[in-house]
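The chain contents come next:
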Amino acid sequence: MLFYGRKFGMSKQEILITTIGEMRDMISCNAIYSGSVRPAKKKLKFDEILQLR
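Residues numbered from 1 in each chain as written. Predicted model: local features only at pLDDT ≥ 70, side-chain atom pairs only at ≥ 80, totals over all residues. Heavy atoms only, no water.

Student: Explain the overall build of the protein chain here, please?
Tutor: The secondary structure content of the protein chain amounts to four helices and zero strands. Sequence-ordered secondary structure for the protein chain, helices as α and strands as β, is α-α-α-α. For 53 residues, the compact-globule estimate of 2.2 N^0.38 gives 10 Å, and the protein chain exceeds it by more than 25% at 19 Å. The dimensions of the protein chain, computed from C-alpha atoms along their principal axes, are 60 × 15 × 15 Å. Burial status across the protein chain gives 9% buried among its 53 residues. About 5,200 Å² of surface is accessible on the protein chain, with carbon and sulfur atoms providing 58% of the total. Here the protein chain holds 10 positive side-chain charges and 5 negative ones, and the gap between their average locations is 8 Å. (Helix = DSSP H or I, 4+ residues; strand = E, 2+ residues; numbered from the N terminus. Rg over C-alpha atoms; globule rule 2.2 N^0.38 Å. Buried < 20%, exposed > 50% of the residue type's maximum accessible area, 1.4 Å probe, protein only. Areas by Shrake-Rupley, 256 points an atom, 1.4 Å probe, with all protein chains shown as cover. Lys, Arg positive; Asp, Glu negative; His and termini not counted. Charge placed at Lys NZ, Arg CZ, Asp CG, Glu CD.)

Student: Would you mind showing me how to read a nonpolar patch on the surface here?
Tutor: A contiguous nonpolar surface patch, about 290 Å² in accessible area, is contributed by Leu 44, Ile 49 and Leu 52. Relative to the assigned elements, Leu 44 resides in the loop between α3 (20-34) and α4 (46-51). (Patch = residues over 30% accessible without salt bridge, like charges linked within 9 Å, V, L, I, M, F, W, Y side chains within 5 Å. Salt bridge = Lys/Arg side-chain N within 4 Å of Asp/Glu carboxyl O.)

Laid out in structure tokens, this is it:
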């Protein structure tokens, strides 16, 4: 967690006080903000699959 805390510009004391849940939330928000979260796959209906041919 020290790596991510430093990446967010937190001091060592802030990192040690922050709970794991808060840190995970910050990491998730950062992933969404930076665009590294993959978009959900679109589910195709059977007819749409046949049209792909």
